[in-house]
Amino acid sequence: APGTMSGSGSEEPQPSQATEDGQQEAEQDWAAAKAFYDNLVTKKPRPPKPQNAITVAVSSRALFDLVEERRIYEEHGVEKYVEYQQKNENVTLKPGPAFYFVKALEHVNARLLELYPDDEERFDIVLMTNNHAQVGVRLINSINHYGLTIERFCMTGGESPIGYLTAYLTNLYLSADSEKVQEAIEAGIASATMFTSNKDVSYSDTQLRVAFDGDAVIFSDESEQIVKEQGLDRFFEHEQLNENKPLAQGPLKGFLEDLGKLQKKFYAKNERLNCPIRTYLVTARSAASSGARVLKTLRSWGLEIDEALFLAGAPKGPILVKIRPHIFFDDQMFHVEGAQKLGTIAAHVPYGIAQKYRKST
């Protein structure tokens, strides 16, 4: 199911009659909503059903630059913050760390709608914010100013968004709040904390580029545990011994899978060379000593990755500058900060053993 990280081998409980009745009712609700929507004359595509969509939930501080507003909130409290936002609701917010990623998702959607006008398998961007509803007008005005298509808003007024993320079958959640991201990861939702790059970099507006670290991001942290606890030589030995045993999945495997599914839709229309999605594996592993297991794991999952870069411990920042991804996912703050310094928008995935070794910040 979208948004879950459980292995495909786990036993599925049999649905009860009540569950089946609930699903039938939900289907009827959707059919009624669709019939109502279809009777309205509009050029806008209808938002897809969450079951069909790849739902990307983005917080307001990930989508927009709200650094000054956050300062007002922390120093003067919620009332002054809301008052400030209402006074400035016609002042457009500047782009935040997830902004160009969202723009790239929307470009992919536009291409998909050209090729598959009636298909709902595309990105659905949901603004998931714990802002109060009074702040909504400024967010709506800014979204409309940039021509973004974000129809679903969840404004939780200070409450945790996790229940809503589950209800929306969220495939990826991006936030500037590391505690909420940790909570989402623990609830089995692919999630990452966004960090703004320290430089203005131009990003491709015709191709979504997503870069992933391997261990504890696409894969489990099994191998990383061996590095931390038994050292590099034991790790190389372990990976060569287990070369033909696929690694367990990590928190972002599902999102890589979603990207792969959409890529195949372009390939099916003979658009491989003109595909608006490109994926990258950027790993500190060495190719000769520990690369085969990674590539064989991807193959066993039926996943293609467009480019695999094995850096053998070299810094990732300089390579990422060449790729210019809209987002780079890594489980180690050391790599996130290194990428950020050189202008890459990086997202921290708080998963696995590396979190125990993080220096307190």
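Along each chain, numbering runs from 1 in the same order as the chain's sequence is written. Confidence filtering applies because this is a predicted model: local features only for residues at pLDDT of at least 70, side-chain atom pairs given and counted only at 80 or more, and all residues used for totals across whole chains, interfaces and linings. The side-chain values count all of the structure's non-hydrogen atoms but skip hydrogen atoms and water molecules.

**What to know about helix H6 (residues 136-145)**
Link 1 in the chain: Only protein chains enter the accessibility calculation, which uses a 1.4 Å probe. A residue is then buried if its area is under 20% of the maximum for its type, exposed if over 50%, and partly exposed in between. Elements are defined by DSSP. Helices are runs of H or I of four residues or more, strands are runs of E of two residues or more, and each kind is numbered from the N terminus. Taken together, the buried positions of H6 are occupied by Gly136, Arg138, Leu139, Ser142 and Ile143. Buried residues of H6, viewed axially, fall in a sector of 165°; they line one side. The exposed residues of H6 that point more than 90 degrees off its buried face are Asn144 and His145.
Link 2 in the chain: One or two positions beyond H6, positive phi appears at Gly147, with a value near 70°. The directions considered for the arc run from the helix axis to the C-beta atoms.

**A short note on the packing of aromatic side chains**
Link 1 in the chain: Two aromatic rings from Phe, Tyr or Trp, using only the six-membered ring of Trp, form a pair when their centres are within 6.5 Å; if the ring planes differ by under 30 degrees the pair is stacked, by over 60 it is edge-to-face, and anything between is tilted. Per the counting criterion, the structure on display carries 9 aromatic pairs.
Link 2 in the chain: Each residue in the set Phe64, Phe99, Tyr100, Tyr146 and Tyr203 is aromatic and connected to the rest through ring pairs, giving one cluster.
Link 3 in the chain: By the criterion adopted, a ring carries a charge over it if an Arg CZ or a Lys NZ lies within 6 Å of its centre and within 35 degrees of its normal. Over the face of the ring belonging to Tyr116 we find Lys265, whose NZ or CZ atom lies 5.0 Å from the ring centre.
Link 4 in the chain: The lysine or arginine in question, Arg272, covers the ring of Tyr267, its NZ or CZ lying 3.8 Å from the ring centre.

**Some points on the packing of helix H9 (residues 222-230) against helix H10 (residues 232-241)**
Link 1 in the chain: For helices, the fitted line uses only the C-alpha atoms of the stretch in contact; every axis is such a line through C-alpha atoms, and the angle between N-to-C directions lies from 0 to 180 degrees. Contact geometry for H9 and H10: axes closest at 7 Å, N-to-C directions at 145°. Residues Glu222, Ser223, Ile226, Val227 and Gln230 of H9 pack against Leu232, Arg234, Phe235, His238 and Glu239 of H10.
Link 2 in the chain: In this classification, Asp, Glu, Lys and Arg are treated as charged, Ala, Val, Leu, Ile, Met, Phe, Trp, Tyr, Cys and Pro as nonpolar, and every other residue, Gly included, as polar. Of the residues contributing to the contact of H9 with H10, the split by class is 4 nonpolar, 3 polar and 3 charged. Here a residue-residue contact requires only that any non-hydrogen atoms of the pair lie within 4.5 Å.

**Looking at the nonpolar core**
Link 1 in the chain: Judged by nonpolar contacts, the single largest core of 59 residues is most densely connected at Leu63, Phe101, Phe123, Leu208, Phe212, Phe255 and Phe329.
Link 2 in the chain: Residue contributions to this core peak at 7 residues, all from helix H5 (residues 99-115).
Link 3 in the chain: Residue ranges for the domains originate in an automatic or database domain assignment. Split by domain, the residues of this core number at least three in each of domain 1 (50-194) and domain 2 (208-359).
Link 4 in the chain: When near neighbours in sequence (up to four residues on either side) are disregarded, Phe329 contacts Leu172, Leu174, Ala192, Val210, Ala211, Phe212, Asp213, Val217, Leu252, Ala347 and Val349.
Link 5 in the chain: Nine residue types can take part in a nonpolar core, namely buried Ala, Val, Leu, Ile, Met, Phe, Trp, Tyr and Cys, and a core is a set of them joined through side-chain atoms within 4.5 Å. The next biggest cluster of nonpolar side chains, apart from the first, holds 11 residues, and it includes Tyr280, Leu311, Phe328 and Met333.

**Points about the sheet that holds strand E6 (residues 208-212)**
Link 1 in the chain: In space, the 10 strands of this open sheet follow the order E3-E2-E1-E4-E5-E10-E9-E6-E7-E8, with mixed pairing throughout. Each of the sheet's edge strands pairs with one partner strand only, and the pair in question is strand E3 (152-155) and strand E8 (307-310). The average undirected angle you get between the axes of adjacent strands in this sheet is 25°.
Link 2 in the chain: The pairing of strand E1 (residues 54-58) with strand E4 (residues 172-175) spans 3 bridges and is parallel. Note that in E4 the partner of Val58 across the bridge is Leu174.
Link 3 in the chain: The strands touched by H6 are strand E2 (123-129) and E3; relative to E3, the strand with the most contacts, the crossing angle is about 150°.
Link 4 in the chain: Lying on the sheet, helix H8 (residues 178-186) is in contact with E4, strand E5 (191-195) and strand E10 (346-348); it crosses E5 at an angle near 160°. Pairs of strands are assigned from DSSP output, requiring at least two bridges between the strands.

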